[in-house]
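Descriptive analysis of the structure
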Amino acid sequence: MIGAARRDAGAPFTWLAIFVVASTAGFVLSAAVASGRPILASRWSLLWQLAVWAVAWMVAVVAAFHLPRRTAVVATLVAGTALRLAALAGPPTTSDDLYRYSWDGRVQVAGIDPYRDAPASATLAGLREPWLWPDAAGCAAIHRPAGCTRINRPGQRTIYPPVAEAWFAAVYRIAGVGSRYKAWQVAGLLTELGVLALLPVTLRRWGRDPRWVALYALCPVPVLEVVNNGHVDGLAVLLIVAALAVVAGRDGVTRDIAVGVLIGAAALVKLYPAVLVLALVGVGTRRWVPVVRAGATAAAVVALAYAEHVARVGLHVLGYLPGYLSEEHYTTGGRFLLASLARVPAGSAAAVSAAFVGAVCAWVWWRRRPPAAGAALLLGAVLLAASPVQPWYAVSLVAVATVAGRPWWAGVALAGYPYFFAVILADRHAAGIGEIAYAAALAAAVVGAGIAARRPLPSDQCVTSGATSSTRLS
């Protein structure tokens, strides 16, 4: 008996040691990836580093659930903050999007609508900064021809919606002319710190085990994408988590309007969060009323945000979106990898994928899924159907999965990396790699759903409209 008691007493210390080792490994890998060579120089070796980091993350999450709750949450938030600080160790590793952010901010500070002209336009030549438009020696240093720019697609108007553009302008004003990539990484860090602060609050409001925060806080995807690469997706994640916190309150007009504002703003950072309106307020006996209220509010936010730009530049507010859909082969059906794997003809892939997402929406609606679980299922369905090259699109799914307690959805974010590397490195098997990766993510989601349906997770409780109800798996 005494020996057993001693073993039980020593168990938390063992798990704490495992947590520390795994988190330290994550910290070292975060710093190594951030300070190492970019993707085109490091090639596949970088993917292997990320794979090891992912293993360390999984081990740390498991260890966190074996620690006392308070200890686990504190240790997780400290470790998560350390991972993000380590990601500031060097320039962006796998993306050049923040260079476009800086340019759009520069244009707006100069009093010019960001949708009016492309960066390469001669009318904007006077705004060009040397770090974005280097001289011949600078271009040679980054392995590009003379006359280069760090900005991707310089001949195209910006693709980013108005709230993202407002964020770019705000960061640029604060950082000042001449600020470089570090300002955008710090901006990403601030959004991430906001998410880390809000997640435990949101989990408590839903009556969930606060140790779930480890799923997001220790995950390499937001650390790499939001901090090191400085992606604006972090702002969308913050707004989505805030919406989840608001939904945990009582039903009513105020709640629905607040959710509509937050989701509308998130959709004006990245478009796909718009689908979450259906999941977040579509629960209850009068289901259409809150959805209409929240949806109308979100639509009003979008209309107001675009109104000024439309008045100035008309349909140019669409920016590069049509070109992007064509470039990514959505218009021809080539991007829908799971549909392709199922041997759906390319001409029908878009319709079949849309029908799949529509069916998931209907199922969430009629089964009255708990908001966080329904939101995770909807986002997961959208990303699996669209199978994007860019893994950072799934950062928001990792956050929603954290609140829902659905860890298998993080597999969608991980699946994006083999495909992304294959495309960037021009591997001739890129499509096949993407099909296998996203099929594995779908299989993980199905298996996770099946297991949890038979044996619900120990902390699988949520609060809806002040009442506690058991959640089924989505």
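For the structure itself, look to the data block above.
One numbering rule holds for all chains: residues counted from 1, following each sequence as written. Where local features are concerned, this predicted model is filtered to residues with pLDDT of at least 70; where side-chain atom pairs are given and counted, the filter is 80 or more; whole-chain, interface and lining totals use all residues. The side-chain figures draw on all heavy atoms in the structure; neither hydrogens nor water molecules are used.

With respect to the overall build of the protein
Each helix corresponds to a stretch of at least 4 residues labelled H or I by DSSP, and each strand to a stretch of at least 2 residues labelled E; elements are numbered beginning at the N terminus. From N to C terminus, the protein includes 21 helices and 2 strands. Expected size for 474 residues packed as a compact globule is a radius of gyration near 23 Å; at 22 Å, the protein falls within 12% of this value. Dimensions of the protein, computed from C-alpha atoms along their principal axes, come out at roughly 80 × 50 × 50 Å. Partly exposed residues are those whose accessible area sits between 20% and 50% of the maximum for their type, while under 20% is buried and over 50% is exposed, using a 1.4 Å probe and protein chains only. The buried share of the protein, taken over its 474 residues, is 53%. For the protein, the share of sequence-separated contacts (at least 6 apart) that also reach a separation of at least 24 residues comes to 76%. To measure how exposed things are, a 1.4 Å probe is used in the Shrake-Rupley method; for residues, cover is taken only from the protein chains shown. For the protein, the accessible surface area stands at approximately 19500 Å², while carbon and sulfur atoms represent 68% of it. Of the side-chain charges in the protein, 39 are positive and 21 negative, and the distance between the mean point of each set is 9 Å. In this description the radius of gyration comes from C-alpha coordinates, and the expected globular size is given by 2.2 Å times residues to the power 0.38. Here, residues are in contact when the closest pair of their heavy atoms is within 4.5 Å. Counted as positive: Lys and Arg. Counted as negative: Asp and Glu, with His and the chain ends omitted from the count. Each charge is placed at NZ for Lys, CZ for Arg, CG for Asp and CD for Glu.

Some words on the state of the cysteines
Only a pair of cysteine sulfur atoms within 2.5 Å qualifies as a disulfide here. Scanning all chains against the criterion turns up 1 disulfide. Paired through a disulfide, C139 and C148 show a sulfur-sulfur distance of 2.1 Å. Taking the sign of the S-S torsion, about -105 degrees here, the bridge from C139 to C148 comes out left-handed. Since its relative accessible area comes to 0%, C139 is described here as buried. Of the residues examined, C148 reaches a relative accessible area of 8% and is grouped as buried.

Examining helix 20 (residues 410-424)
An α-helix turns once per 3.6 residues; consequently, residues spaced three or four apart project the same way. Spanning 15 residues, helix 20 covers 22 Å between terminal C-alpha atoms, matching the ideal 21 Å at 1.5 Å per step. In the stretch just after helix 20, A426 is the one whose phi turns positive, near 55 degrees. The length a helix should cover is 1.5 Å for every residue beyond the first.

A word on a nonpolar patch on the surface
Distance thresholds for patches are 9 Å for like charges and 5 Å for nonpolar side chains (Val, Leu, Ile, Met, Phe, Trp, Tyr), applied to residues having over 30% relative accessible area and no salt bridge. The salt bridge criterion pairs a side-chain nitrogen of Lys or Arg with a carboxyl oxygen of Asp or Glu, the two atoms within 4 Å. Residues V186, L190 and L193 make up a contiguous nonpolar surface patch of roughly 220 Å² in combined accessible area. As for its position among the elements, L190 is in helix 8 (residues 181-205). Classification of L190 as exposed rests on a relative accessible area of 53%.

Describing the environment of V357
Of note, V357 is situated in helix 17 (residues 346-367). Here V357 falls in the buried class, since its relative accessible area comes to 16%. Along the chain, V357 and T14 lie 343 residues apart, while their C-alpha atoms are 44 Å from each other. If we ignore the near neighbours within four places in the chain, the residues touching V357 are A381, V382 and A385.

Description of helix 17
In this model, helix 17 (22 residues) spans 32 Å end to end at C-alpha, consistent with the 32 Å of a helix rising 1.5 Å per residue. The inward-facing, buried residues of helix 17 abut helix 13 (276-281), helix 14 (288-313), helix 16 (337-341) and helix 18 (371-386).

Description of the packing of helix 17 against helix 18
A packed helix pair is summarised by two numbers, namely the angle formed by the two axes and the spacing between the axes. Taken N-terminus to C-terminus, the directions of helix 17 and helix 18 make an angle of 175 degrees; their axes are 9 Å apart at the nearest point. On the basis of their axis angle, the class for helix 17 and helix 18 is roughly antiparallel. In this structure, helix 17 contributes S353, F356, V357, V360, C361, W363 and V364 to the contact, and helix 18 contributes G374, L377, L378, A381, V382 and A385. Each residue belonging to the contact of helix 17 with helix 18 can be placed in one class, and the counts come to 11 nonpolar, 2 polar and no charged. Axis definition: a line fitted to C-alpha atoms, limited for helices to the stretch in contact. Angles are taken between N-to-C directions and run from 0 to 180 degrees. Roughly parallel covers angles under 35 degrees, roughly antiparallel covers those over 145, roughly perpendicular covers 65 to 115, and oblique covers all other angles. Here the nonpolar group is Ala, Val, Leu, Ile, Met, Phe, Trp, Tyr, Cys and Pro; Asp, Glu, Lys and Arg are the charged ones; every other residue, Gly included, is treated as polar.

Observations regarding the side chain of S387
Within the element layout of this structure, S387 appears in the loop between helix 18 and helix 19 (395-404). Taking relative accessible area as the criterion, S387 reaches 0% and is therefore assigned buried. In the analysis that follows, any N or O atom pair within 3.5 Å is treated as a polar contact, provided that within protein one partner can donate a hydrogen and the other can accept it, and provided that, for residues neighboring in sequence, both atoms belong to side chains. Here the side chain of S387 touches R335 through a polar contact of 2.6 Å, landing on its backbone oxygen. Separated by 3.0 Å, the side chain of S387 and the backbone nitrogen of L337 make a polar contact. When neighbours within four sequence positions are excluded, S387 is seen to be in contact with Y330, R335, F336, L337, Y419 and Y438.

Focus: the side chain of D104
Looking at the secondary structure, you find D104 in helix 5 (residues 97-109). This buried residue, D104, is left without a salt bridge; R100 holds the nearest opposite charge, at 4.2 Å. A polar atom in the side chain of D104 sits 2.6 Å from the side chain of T158. The residues contacting D104, other than those within four sequence positions of it, are T158, Y160, E165 and F168.

Here's the deal with the pattern of salt bridges
The full count for this structure, using the stated rule, is 12 salt bridges. Residue D256 is joined to R293 by a salt bridge in which the shortest nitrogen-to-oxygen separation is 2.7 Å. One end of the pair, D256, is in helix 12 (residues 253-267); the other, R293, is in helix 14, and 37 residues separate them in sequence. Salt bridges sharing partners connect three or more residues here, namely R69, D209 and R211.

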